[in-house]
Amino acid sequence: MISRETIQQIIETARVEEVVGDFVHLKKRGVNYIGLCPFHNEKTPSFTVSPAKGIYKCFGCGAGGNAVNFLIQHEHLSYPEALKWLAEKYNITIEEEQLTEEKKQELDERESLYAANLFALDFFQKQLQTDEGKSVAISYFHQRGISGESIEKFRLGYSPENRQAFFEEATENGFKPEILLKADLITEKNGKYYDKFASRIIFPIFNLSGRPIAFAGRTLLTNKKIPKYINSAETLLYEKNKVLYGIFQAKNAIVKNDNCYLVEGYTDVISLHQKGIENVVASSGTSLTEGQIRLISRYTKNITILYDGDFAGIKAATRGINMILSEGLNVKVVLFPEGEDPDSFAQNHSEQEVKEYISANASDFIVFKTNLFLQQQNANDPVQKAEFLKDIVQSVALIPDPITAMVYVQECSKKLNIPENIILQEVQIVKKKNRSKKTGTAEPVVKPIQKREITPPDLTGQKAPFLEKELCRILLNYGNEVLNFPYPDENSDEEKELPVYQYIVENLLIDELELEIPPFNTIFNYYKTALEKGKEVSEKELIYHSDSEVSKMAVNLVSFPYNLHNWKKQQIYVTTEHDNLKHLTLETLRLYKILILEKYWENLQEELKNCSDFDRTAEILSQLNIIKKELAKLYKKQGISITR
């Protein structure tokens, strides 16, 4: 684990405008920066970055947070990955805390595997500068139309013909054979070690944060006994069914275009990138899996399959359709002309032609399957038509969203000239069967909903979240402001200079009150603890809080959609919230206390109705009398006239 001291150093060093500025074009406006929100499409900027507060906030879609949150949300990194990203950006050395031996061993092994893969990546790339690398690999890349820019972008490489070249260099640099074996970079035979990828073109596979986790090697030999491609076996770092080739280079483009193109081969990805189509990934030498579809769903709900127009491509596309639909994603299919794949088509056509072809030929799965059916010689055979309808129904039944499913039922009805109700009935039958298979039980009988009396909500209770939120907003925005407050409580004639946060905390604690609703109680406890320990308070500690709910709330509470113009230069004076801060603080505290006392009053009154014990009755009456007097004082200060 990253030590708290290191996390604190990262948080204090990171400048949110610099981090966001790496991904978003920002313009300075006053003390803040504005830009187009990277999380939703907009033409007028509603995305604001505040260097003073260390936050970003979009007033269009509501996205907001600190520098770490931005990386988590925009780059889809985990919390530790985001911290490491920032540490690398600001040249901060990461210090790890002590872990259990078991956990430490696992982390040590993972880091050792990362180090081995990174060394291998550099080794394979350096081989491109050798005579062998130039004559074999560079010639191949030129022949396939792969540019020098793409070689660098995808970190392509070459493993030399010498079957121990990598092993010898790795061990000379301190890597143990055990780690190289676990990383599946070498093989062992009769007590000797050999390079797994010898004499192959190398396609590195990266994780979401851009670290190498595996490799694919392509032979240039024509010997049919030698597999054309070999891939790394699964390791601690690499689970084939959860990895997509090109996802690191494509993820931002996928979000931007709200669509992911799915292809089969490594060179398909590279060639489409060279034609300006960057939102593309490949299934990494395996058949498409649920894990890979779920990975795409983190960035978009729309997938377009780009497969070869041959039988194998059609079969793969058909299989992929049902898997994508069952995960709740939208799917379209583009088949290239027979004899072409995305790579060859991109090589033989201009950027505009490639984009136009994909746009013109992208069809939803019903149109795709219907066109395939109509191309058959026996398309008019009633038996074949019934079989085809069953196939379509199987696909529609996999769609989780009922509205989307209904749209496809209507489309299917038009295409096949079959009444909607018949198709819908078949879809429902298949859905029931699918549910029964999952649960292992028959479909339950749905009983009609019984009408019941609805108890009206406690409207008094509705005020509590608002008032606790308002107190936290004052603490976060004005906590360090020093004002003259009546002290030790509001009924005192004596005034004392105090920070706002100290007055709020002490004023509540003197009446044995604390904020109770999450995450407001966490925010209150931060200020309470700081006061008890004599620590300085900063809203940034809450903005960067490890609890995402606390962090999100803190960002929302310090964000304002509008900033007042500096009218003082024009000798125009406008009253601001800051000018009325003392009144705002006192009034919010009063209203919160009134709310709590009224709730106590109601609870005691209810208890009194059912109380048969004489001593307890006397105690309740005494407490009610005290509450009544306290409420009378608070009502008077608030200008409320109520008789009980």
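Okay, so let's go over this structure.

Cut-off values and rules
- Residues numbered from 1 in each chain as written.
- Predicted model: local features only at pLDDT ≥ 70, side-chain atom pairs only at ≥ 80, totals over all residues.
- Heavy atoms only, no water.
- Phe/Tyr/Trp six-rings, centres within 6.5 Å; stacked < 30°, edge-to-face > 60°.
- Helix = DSSP H or I, 4+ residues; strand = E, 2+ residues; numbered from the N terminus.
- Buried < 20%, exposed > 50% of the residue type's maximum accessible area, 1.4 Å probe, protein only.
- Axes fitted to C-alpha atoms, helices over the stretch in contact; angles between N-to-C directions.
- Parallel < 35°, antiparallel > 145°, perpendicular 65-115°, else oblique.
- Left-handed = near helix turned anticlockwise from the far one by under 90°.
- Contact = heavy atoms within 4.5 Å.
- Pairing = 2+ DSSP bridges.
- Polar contact = N/O pair within 3.5 Å; in protein donor to acceptor, adjacent residues only side chain to side chain.

With that settled, consider the packing of aromatic side chains. The full count for this structure, using the stated rule, is 29 aromatic pairs. Relative to tryptophan 85, the ring of phenylalanine 23 lies with its centre 5.9 Å away and its plane at 35°, an arrangement referred to as tilted. Highlighted residues: phenylalanine 23 in the loop between helix H2 (16–21) and strand S1 (27–29) and tryptophan 85 in helix H4 (residues 79–89), separated in sequence by 62 residues. Looking at phenylalanine 23, the relative accessible area reads 27%, which means it is partly exposed. Note on tryptophan 85: relative accessible area 26%, which makes it partly exposed. Ring geometry for phenylalanine 39 against tyrosine 56: centres 6.2 Å apart, planes inclined by 35°, an arrangement best described as tilted. Remark: tyrosine 56 occurs in strand S4 (residues 55–58) and phenylalanine 39 occurs in the loop between strand S2 (32–35) and strand S3 (47–50); sequence separation between them is 17 residues. Looking at tyrosine 56, the relative accessible area reads 0%, which means it is buried.

This part is about the packing of helix H17 (residues 382–396) against helix H18 (residues 402–416). Running from N to C, H17 and H18 cross one another at 165°; their axes reach a closest spacing of 10 Å. Of the possible angle classes, the one that applies to H17 and H18 is roughly antiparallel. You can see that H17 and H18 cross each other, and the crossing is right-handed. Residue-level contacts link Lys385, Phe388, Leu389, Ile392 and Val396 of H17 to Ala405, Tyr408, Val409, Cys412 and Leu416 of H18.

Most of strand S10 (residues 212–219) sits out of view: eight of its eight residues are buried. With seven bridges connecting them, strand S9 (residues 200–206) and S10 associate as antiparallel partners. Residue pairing across strands places phenylalanine 206 opposite proline 212, the latter belonging to S10. The antiparallel hairpin formed by S9 and S10 contains five residues in its connecting segment, where glycine 210 sits at a positive phi of about 90°. As judged from the three bridges shared by S10 and strand S11 (residues 229–231), these two strands associate in the antiparallel manner. Residue pairing in the sheet places glycine 217 in a bridge with isoleucine 230 of S11.

Secondary-structure assignment places arginine 211 in the loop between S9 and S10. Spatially, the C-alpha atom of arginine 211 lies 7.7 Å from that of leucine 118, the residues being 93 residues apart in sequence. If we skip the residues at most four places from it in the chain, arginine 211 touches Glu111, Tyr114, Ile205 and Phe206. A polar contact of 3.1 Å, which involves the side chain of arginine 211, links it to the side chain of glutamate 111.

We now examine the sheet that holds S11. With antiparallel pairing, the four strands of this open sheet are ordered in space as S6-S9-S10-S11. Of all the strands in the sheet, the pair left with one neighbour each is strand S6 (157–159) and S11. Each neighbouring strand pair of the sheet contributes to a mean axis angle of 35°, computed without reference to strand direction. Against the sheet, helix H6 (residues 131–143) touches S6, S9 and S10, its axis set at about 130° to S6. The sheet strands contacting helix H11 (residues 266–274) are S9, S10 and S11, and the helix crosses S9 at an angle near 75°.

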